[in-house]
Amino acid sequence: MAAIDTIYIPAAELKAFTAACLMAAGSEKDKAELVAEVLVQADARGIPSHGVNRLDLYCDELRRGAVDPHATPVVVSDAAAVALVDGKNAQGPAVGKFCMDLAIEKAKIAGCAWVVCNNSNHYGIAGWYAMLATEHHMIGMSMTNTSPVCTPTRSKKPAIGTNPIACAAPTSTDPVVLDMATPTVPFGKVEVKHRKGEECPEGWGVDSAGLATTDPSKIIFGGGVTPLGGSELTAGYKGYGLGLMVEMLSGVLSGSNVGPRIGMSMNPNAVDRTEPVNLGQSFVAIDPSKFCPGYEQRLDQLVGDMRSLPRADDAPGPVLVPGDPEREATKKSAEEGVPLHCNIAAALVSLGEKLDVPRPEAFAAIKAGAIWGHDSAKAK
């Protein structure tokens, strides 16, 4: 039988397997199910860099004691529209949801709220938290600092994280969702290329000498990703500035570790870490009804204006707004199953075997593969 490139697995089945692995690694059931929801949503939305590709790293941190599976976040300081939360080194999604729920409740009264936390961990896609606010007809924002994998302009040493920014805003139908990393690409996309055994596009990263490379192993082990914009010549300093902004509003504001002082987490350079990584995160909720009435209708009009623009002659499709590709991917995943590259599926099979978790039926044709190797998983 020919080699397979992608398999499709029902979201419920993938969530159940993901949660089972997390529980086998030490997570409590409710937290495991929450983390599984965030990871599988990333894959369903077409963001495999932050999906179950990360499951083995999440489980490894739990097994090593680098993350406390039993911890519960606590509010350290509280005011009408702001709060500081100590994440207590709990699993990132548990901390993130606690903080975003708090921001939403405060915004219902104050009109807007800003909650920051320290002592958190990797929390998956930032957009998941921003979208929670849109369920309450609010604008949501979320940012987090991360381990230093991005090389600032003119540096050959990584010193800031991928530091994503997410903003979700409600319309009368589906929300507009901007969810972007501040480097040229998230570090996870380089990891995915590494697992697939593929070269990275030019401009994604540099090696240990600060020189451009397309070899994902050189970017991951000793190098780093470039800031959004790439080199100084192509305005990469703007992406570097955005990354620093996230540090100022998440890390510095919350009192967490920042920049090069953050330990390595959620990548293969961090397999021996046992101490807390202490990430800082921000969560914002804004109730537009407290401002000028008719926000959703005006945003409908703006979105319609963008989508109706005449397309460029060589454009592959119509003009989109942030969140359109992810919405289409989510719809397709619901119809066909969540797509997983065979190498990622093979790594999940290996993880399940290591944790004594039965593989989903959809993985039946997949052989176990090396978690950080280049082995191709083939149908039996």
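Remember, it's a predicted structure, so these values are computed and weren't measured experimentally. (Residues numbered from 1 in each chain as written. Predicted model: local features only at pLDDT ≥ 70, side-chain atom pairs only at ≥ 80, totals over all residues. Heavy atoms only, no water.)

Here we come to the overall build of the chain. A tally of helices and strands in the chain yields 11 helices and 12 strands. Summarising its shape, the C-alpha atoms of the chain cover approximately 60 × 55 × 45 Å along the three principal directions. When each of the 380 residues of the chain is scored for burial, the buried share is 53%. Roughly 16,200 Å² of accessible area belongs to the chain as shown, and the carbon and sulfur atoms make up 57% of that amount. (Helix = DSSP H or I, 4+ residues; strand = E, 2+ residues; numbered from the N terminus. Buried < 20%, exposed > 50% of the residue type's maximum accessible area, 1.4 Å probe, protein only. Areas by Shrake-Rupley, 256 points an atom, 1.4 Å probe, with all protein chains shown as cover.)

Right, let's talk about the sheet that holds strand 9 (residues 212–213) for a bit. Sheet architecture is open: 3 strands sit in the order 9-8-10, paired in antiparallel fashion. Of all the strands in the sheet, just strand 9 and strand 10 (224–225) have a single pairing partner and so form its edges. Here 2 bridges tie strand 8 (residues 205–206) to strand 9, and the two strands are oriented antiparallel to one another. Along strand 9, the bridge assignment pairs valine 206 with alanine 212. (Pairing = 2+ DSSP bridges.)

Let us look at the packing of aromatic side chains. Here the structure, examined in full by the defined rule, presents 5 aromatic pairs. A centroid spacing of 4.5 Å and a plane angle of 15° characterise the contact between tyrosine 123 and tyrosine 129, whose relative ring orientation is stacked. Tyrosine 123 gets classed as buried once you look at its relative accessible area, which sits at 1%. Overall, the relative accessible area of 0% leaves tyrosine 129 in the buried class. With a centroid separation of 5.9 Å and 75° between ring planes, the pair formed by tyrosine 129 and phenylalanine 283 is classed as edge-to-face. Here the residue tyrosine 129 occupies a position in helix 5 (residues 126–134), and phenylalanine 283 occupies one in strand 11 (residues 279–286), the gap between them amounting to 154 residues. Of the two residues, tyrosine 129 and phenylalanine 283, neither departs from the other in class, the shared state being buried. Among the aromatic residues, ring-to-ring pairing joins Tyr123, Trp128, Tyr129 and Phe283 into one connected group. (Phe/Tyr/Trp six-rings, centres within 6.5 Å; stacked < 30°, edge-to-face > 60°.)

Here we take up the packing of helix 3 (residues 55–64) against helix 11 (residues 342–355). For the pair helix 3 and helix 11, the least separation of the axes is 10 Å and the interaxial angle reads 25°. It follows that helix 3 is roughly parallel to helix 11 by the angle criterion. Handedness of the helix 3/helix 11 crossing: left-handed. Contact residues: helix 3 offers Leu55, Asp56, Cys59 and Arg63, while helix 11 offers Leu348, Leu351 and Leu355. Classifying every residue of the contact of helix 3 with helix 11 by side-chain character gives 5 nonpolar, no polar and 2 charged. (Axes fitted to C-alpha atoms, helices over the stretch in contact; angles between N-to-C directions. Parallel < 35°, antiparallel > 145°, perpendicular 65-115°, else oblique. Left-handed = near helix turned anticlockwise from the far one by under 90°. Contact = heavy atoms within 4.5 Å. Nonpolar A, V, L, I, M, F, W, Y, C, P; charged D, E, K, R; others polar.)

What follows covers the pattern of salt bridges. Counting across every chain of the model gives 17 salt bridges. For glutamate 353, the salt bridge is made with arginine 359, and the minimal N-O distance between the two is 3.5 Å. What makes glutamate 353 exposed here is its relative accessible area of 52%. Salt bridges linked by common partners bring Asp174, Arg307, Asp324 and Arg327 together as one network. (Salt bridge = Lys/Arg side-chain N within 4 Å of Asp/Glu carboxyl O.)

With that settled, consider unusual backbone geometry. Not every positive phi belongs to a glycine, and asparagine 163 is a case in point at roughly 35°. The topology assignment puts asparagine 163 in the loop between strand 5 (139–144) and strand 6 (165–169). With a phi angle near 60°, asparagine 278 is a residue other than glycine that sits in the positive phi range. The class of asparagine 278 is buried, set by a relative accessible area of 14%.

For the rest of this paragraph, the subject is the layout of surface pockets. The calculated volume of the largest pocket comes to roughly 610 Å³. Along its surface, the largest pocket is lined by 31 residues, and Ile47, Asp179, Pro186, Lys189 and Glu326 are the ones closest to its centre. For the lining of the largest pocket, the secondary structure elements donating two or more residues are strand 7 (176–180), helix 6 (187–196) and helix 10 (324–336). In the lining of the largest pocket, the residues fall into 17 nonpolar, 7 polar and 7 charged. (1 Å grid on protein atoms, 1.4 Å probe; cavity = no way out; pocket = protein on both sides within 12 Å on 5 of 7 lines; lining within 4 Å. Points joined across faces, edges and corners; volume = space filled by probe spheres on them.)

What follows covers the pairing of strand 6. On a regular strand, one side chain projects to one face of the sheet and the next to the other, so that they alternate. Of all 5 residues that make up strand 6, 4 are buried, and the element is covered over most of its length. Note: strand 6 against strand 7, 5 bridges, orientation antiparallel. For alanine 169, the partnering residue across the bridge sits in strand 7 and is valine 176. Counted along the chain from strand 6 to the antiparallel partner strand 7, the turn is 6 residues long.

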